Number of protein chains: 2
Amino acid sequence: MSDSSKSFQEAVRLTMCQVRHLSMHHLWRFAKEQGFSMAQMITLRHIYHQDPAKGCSISDISGWLGVTNAAVSQSLDKLVDQGLVERQENPHDRRSKQILLTPKGEEMLKKSMQAKQTWLEDLAAHLMPEEQTQIESAFRLLTEKITDMEKS
Amino acid sequence: MSDSSKSFQEAVRLTMCQVRHLSMHHLWRFAKEQGFSMAQMITLRHIYHQDPAKGCSISDISGWLGVTNAAVSQSLDKLVDQGLVERQENPHDRRSKQILLTPKGEEMLKKSMQAKQTWLEDLAAHLMPEEQTQIESAFRLLTEKITDMEKS
DNA sequence: CTAAGTAATTAAGCAGGCTTATATAATAAG
DNA sequence: CTTATTATATAAGCCTGCTTAATTACTTAG
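Here's what I pulled together on the structure shown here.

Definitions and limits used
Residues numbered from 1 in each chain as written. Chains lettered and ligands numbered in written order. Predicted model: local features only at pLDDT ≥ 70, side-chain atom pairs only at ≥ 80, totals over all residues. Heavy atoms only, no water. Near = heavy atom within 4 Å. Polar contact = N/O pair within 3.5 Å; in protein donor to acceptor, adjacent residues only side chain to side chain. Helix = DSSP H or I, 4+ residues; strand = E, 2+ residues; numbered from the N terminus. Nonpolar A, V, L, I, M, F, W, Y, C, P; charged D, E, K, R; others polar. 1 Å grid on protein atoms, 1.4 Å probe; cavity = no way out; pocket = protein on both sides within 12 Å on 5 of 7 lines; lining within 4 Å. Points joined across faces, edges and corners; volume = space filled by probe spheres on them. Core = buried A, V, L, I, M, F, W, Y, C linked by side-chain atoms within 4.5 Å. Buried < 20%, exposed > 50% of the residue type's maximum accessible area, 1.4 Å probe, protein only. Contact = heavy atoms within 4.5 Å. Salt bridge = Lys/Arg side-chain N within 4 Å of Asp/Glu carboxyl O.

1. Here we look at the protein's contact with DNA strand C
Argument step 1. As a matter of local geometry, DNA strand C sits amid 23 residues, with S59, S73 and R87 of chain A together with T68 and K78 of chain B nearest to it.
Argument step 2. Considering the 4 Å shell around the protein, atoms of DNA strand C inside it are sugar or phosphate in 65% of instances.
Argument step 3. Contacts to DNA strand C include S73 of chain A, whose side-chain N or O atom sits 2.7 Å from a phosphate oxygen.
Argument step 4. Here S96 of chain A contributes a side-chain N or O atom positioned 3.2 Å from a phosphate oxygen of DNA strand C.
Argument step 5. Counting only elements with at least two residues in the surface near DNA strand C, the list comes to α3 (58–65) and α4 (69–81) of chain A together with α4 (69–81) of chain B.
Argument step 6. Classifying every residue of the surface near DNA strand C by side-chain character gives 7 nonpolar, 9 polar and 7 charged.

2. Regarding the protein's contact with DNA strand D
Argument step 1. In the vicinity of DNA strand D, 23 residues are found, and the nearest of them are R94 and R95 of chain A together with S59, R87 and R95 of chain B.
Argument step 2. Within 4 Å of the protein, the atoms of DNA strand D are drawn from sugar and phosphate moieties in a proportion of 64%.
Argument step 3. S59 of chain B places a side-chain nitrogen or oxygen 2.3 Å from a phosphate oxygen of DNA strand D.
Argument step 4. In the surface near DNA strand D, the residues fall into 7 nonpolar, 9 polar and 7 charged.

3. Quick word on the layout of surface pockets
A probe as big as a water molecule, rolled over the atoms, marks out the empty space that is left.
Argument step 1. When its volume is computed, the largest pocket comes out at roughly 430 Å³.
Argument step 2. Around the largest pocket, the lining comprises 13 residues; the ones closest to its centre are Y48, H49, Q50 and E150 of chain A together with Q18 of chain B.
Argument step 3. Those elements that place two or more of their residues in the lining of the largest pocket are α2 (38–48) and α6 (129–151) of chain A together with α1 (3–34) of chain B.
Argument step 4. Per-element tally for the lining of the largest pocket: the top contributor is α1 of chain B, with 5 residues.
Argument step 5. Split into classes, the residues belonging to the lining of the largest pocket amount to 4 nonpolar, 6 polar and 3 charged.

4. Some thoughts on the nonpolar core
Argument step 1. The biggest cluster of nonpolar side chains holds 92 residues, and the ones touching the most others in it are V85, L123 and I135 of chain A together with V85, L123 and I135 of chain B.
Argument step 2. With residues near it in sequence (within four places) discarded, V85 of chain B still touches L44, I47, L76, L79, V80, I99, L100, L101 and T102 of chain B.

5. Overview of the interface of chain B and chain A
Argument step 1. At the junction of the two partners, chain B supplies 66 residues and chain A supplies 66 residues.
Argument step 2. On inspection of chain B and its partner chain A, the count reaches 0 salt bridges.
Argument step 3. Across the chain B-chain A interface, the total number found is 19 residue pairs in polar contact (both at pLDDT 80 or more).
Argument step 4. The set of elements that each furnish at least two residues to the side of chain B that touches chain A consists of α1, α2 (38–48), α3 (58–65), α5 (103–125) and α6 (129–151) of chain B.
Argument step 5. In terms of residues, the side of chain B that touches chain A owes the most to one element, α1 of chain B, which gives 24 residues.

Written out as structure tokens, the structure reads:
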């Protein structure tokens with residue numbers, strides 16, 4: 001591996017480490033206040049990151065979390081009761097369910113991310129316009145590449 | 001707020017959203033495999049982000065997590081048993097304890113972050129050298145600014 | 001058509017993380 | 001010095017998220 005690549009990785013790692021720590025804390029507190037378990041928060045986010053047309057199955061989620069289907073099914077019951085997700089029949093396989101976020105669920109997730117918004121505004125205030133532009137283009141590039149990676 | 005600042009924030013938000021989702025998942029799986037609770041992982045990271053000379057108190061941690069001191073004290077018992085953290089007397093206030101990571105604890109935390117390493121190498125492989133340089137400098141700047149923000 | 005396999009659900013039971021209540025020791029305030 | 005407050009620890013008990021086991025419904029393979 002080249003030295004420049006090492007340097008790149010170190011820079012990314014450092015920022016990620018900070019962001020991860022703050023995000024983790026934020027999500028933990030949000031979940032606690034709203035009465036969700038960590039598993040439910042991760043589930044909601046996982047559904048959110050799926051193709052909204054297809055949703056995802058119970059097995060998808062249990063595989064992602066590393067728990068049993070039973071656990072996911074029970075956990076979803078509560079989210080359904082609260083109107084955050086819905087179970088739909090999979091037309092291609094009637095054993096399977098398509099789990100989808102309801103508008104209410106999507107709104108809730110957005111809200112959970114929005115608290116970050118204030119932080120982001122603070123950050124913006126600490127940066128000169130040129131600095132913002134520089135970081136912005138780096139992040140756009142990164143988003144694109146990460147998306148590519150997840151697909152492959 | 002200026003349009004350019006909005007655009008900046010949106011770019012950062014998008015990347016963070018991806019990173020958060022993947023990090024969350026990664027940490028969840030790691031904790032599960034290693035037999036730690038989410039609260040313990042967040043605790044360890046919190047200690048890690050403190051001044052290593054001072055450590056932090058039980059109250060610090062319970063405030064950070066939003067749980068009682070009793071919960072933290074019990075949770076730390078297990079981490080102490082495993083040799084990951086140690087309780088030291090605070091010389092300035094003998095009621096209080098300084099909670100510190102042991103070398104073993106630090107190593108464990110590093111390990112929990114290292115799995116990200118592979119991902120980072122994959123990412124680097126998807127990027128041209130110029131792209132890496134661009135992102136790298138943006139991240140160095142960002143780390144600096146976030147550190148400033150946390151201090152203030 | 002039958003048998004085996006897969007997806008989800010339900011129920012019972014366990015374990016661990018959290019809370020409250022209580023106790024101890026040290027500090028701060030009067 | 002006495003009293004109140006703060007920091008932590010311990011014990012008992014609750015709650016909930018998870019597991020296993022059993023069931024239903026559907027799909028696939030032979």
